[in-house]
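Residues per chain are reported as follows:
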Amino acid sequence: MSKAKTIKGIEVLGGDQDLEILLSAWIKAIVRYTSANELDNPWWYNERASLSVLAGAAWTLKNWHALEEFSTRKRHRTLEPGVDSGSLRHGRCDLYIQSPDLLPID
C-alpha cells in the first residue's frame, strides 16, 4: 500500500489556537490509528467512529476533557428569530470538548 502524505500543519480561519491544537491532535490520532490498521480508516464507518477519534485526541492533550453521547436537557425552540425558549425536554449531546482555556467558572 502506498503511503499518502499527511497534513503537516493546521491553519484555522480566525486563528483560534484551541481549535488548531485540537485538530492537530486529531490528525495525530488518525495517523496513529491508520498506521496500526493499514487497511482501515475511522471515517469509513460512521459519525460515532470519527467523533470517538476526535474525543480521544482531546484526552491526549493536557487538561483537555471530552464526553460523547450523553443525556442532556434541551429547549424546545420557538419560531421567533433569535429566541431560544420553551420547555425543557430530554435530548442527547453528540460530543462535548473542553479546553483548559474554557474551564467552568464556579
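Our subject in this report is the structure included herewith. (Residues numbered from 1 in each chain as written. Predicted model: local features only at pLDDT ≥ 70, side-chain atom pairs only at ≥ 80, totals over all residues. Heavy atoms only, no water.)

### Concerning the overall build of the protein
The number of helices and strands found in the protein is 2 helices and 2 strands. Burial analysis of the protein (106 residues in total) assigns 23% to the buried set. The contacts of the protein with a sequence gap of at least 6 include a subset with a gap of at least 24, amounting to 43%. Counting every atom, the protein has about 8,300 Å² of accessible surface; 56% of that belongs to carbon and sulfur. (Helix = DSSP H or I, 4+ residues; strand = E, 2+ residues; numbered from the N terminus. Buried < 20%, exposed > 50% of the residue type's maximum accessible area, 1.4 Å probe, protein only. Contact = heavy atoms within 4.5 Å. Areas by Shrake-Rupley, 256 points an atom, 1.4 Å probe, with all protein chains shown as cover.)

### Re a nonpolar patch on the surface
A contiguous nonpolar patch, built from Trp43, Trp44 and Tyr45 and spanning about 420 Å² of accessible area, is present on the exposed surface. For Tyr45, the location among the structural elements is in the loop between helix H1 (17-36) and helix H2 (47-59). Overall, the relative accessible area of 53% leaves Tyr45 in the exposed class. (Patch = residues over 30% accessible without salt bridge, like charges linked within 9 Å, V, L, I, M, F, W, Y side chains within 5 Å. Salt bridge = Lys/Arg side-chain N within 4 Å of Asp/Glu carboxyl O.)

### Some points on H2
Along its 13 residues, H2 runs 18 Å from first to last C-alpha, staying within 8% of the 18 Å computed at 1.5 Å per residue. Those residues of H2 that sit buried are Ala49, Leu51, Val53, Leu54, Ala55, Ala57 and Ala58. The distance from a side-chain oxygen at the start of H2 to the backbone nitrogen of Arg48 is 3.2 Å, and the residue carrying that oxygen is Asn46. (Expected span 1.5 Å × (residues − 1). Polar contact = N/O pair within 3.5 Å; in protein donor to acceptor, adjacent residues only side chain to side chain.)

### A closer look at the packing of H1 against H2
Remark: H1 packs on H2, axes separated minimally by 8 Å, with the N-to-C direction vectors making an angle of 115°. The hand of the H1/H2 crossing is right-handed. Along the contact surface, H1 presents Leu22, Ala25, Trp26, Ala29 and Ile30, while H2 presents Ser50, Val53, Leu54, Ala57 and Ala58. (Axes fitted to C-alpha atoms, helices over the stretch in contact; angles between N-to-C directions. Left-handed = near helix turned anticlockwise from the far one by under 90°.)

### A few points about the nonpolar core
One finds Leu22, Ala25, Leu54, Ala55, Ala57, Ala58, Leu61, Trp64 and Ala66 forming the largest nonpolar core, which totals 9 residues. Mapped by element, the contributors of at least two residues to this core are H1 and H2. With 4 residues, H2 is the largest single contributor of residues to this core. Apart from residues no more than four positions distant in its own chain, Ala57 is found in contact with Ala25, Trp26 and Ala29. (Core = buried A, V, L, I, M, F, W, Y, C linked by side-chain atoms within 4.5 Å.)

### Considerations on the side chain of Ser99
You can see Ser99 is positioned in the segment after strand S2 (88-98). Taking relative accessible area as the criterion, Ser99 reaches 3% and is therefore assigned buried. For Ser99, the side chain forms a polar contact with the side chain of Asp18, separated by 2.8 Å. Residues in contact with Ser99, not counting those within four places in the same chain, are Asp18, Asn63 and Trp64.

### Quick word on the pattern of salt bridges
One pass over the structure, following the stated rule, counts 2 salt bridges. The closest approach of N and O atoms between Arg48 and Glu68, which form a salt bridge, is 3.9 Å. Placement of Arg48 in helix H2 and of Glu68 in strand S1 (residues 65-75) is noted, with a sequence separation of 20 residues between them. Note that Glu69 and Arg92 form a salt bridge whose closest N and O atoms lie 3.5 Å from each other. With Glu69 in strand S1 and Arg92 in strand S2, this residue pair connects regions lying 23 residues apart in the sequence. Glu69 gets classed as partly exposed once you look at its relative accessible area, which sits at 24%.

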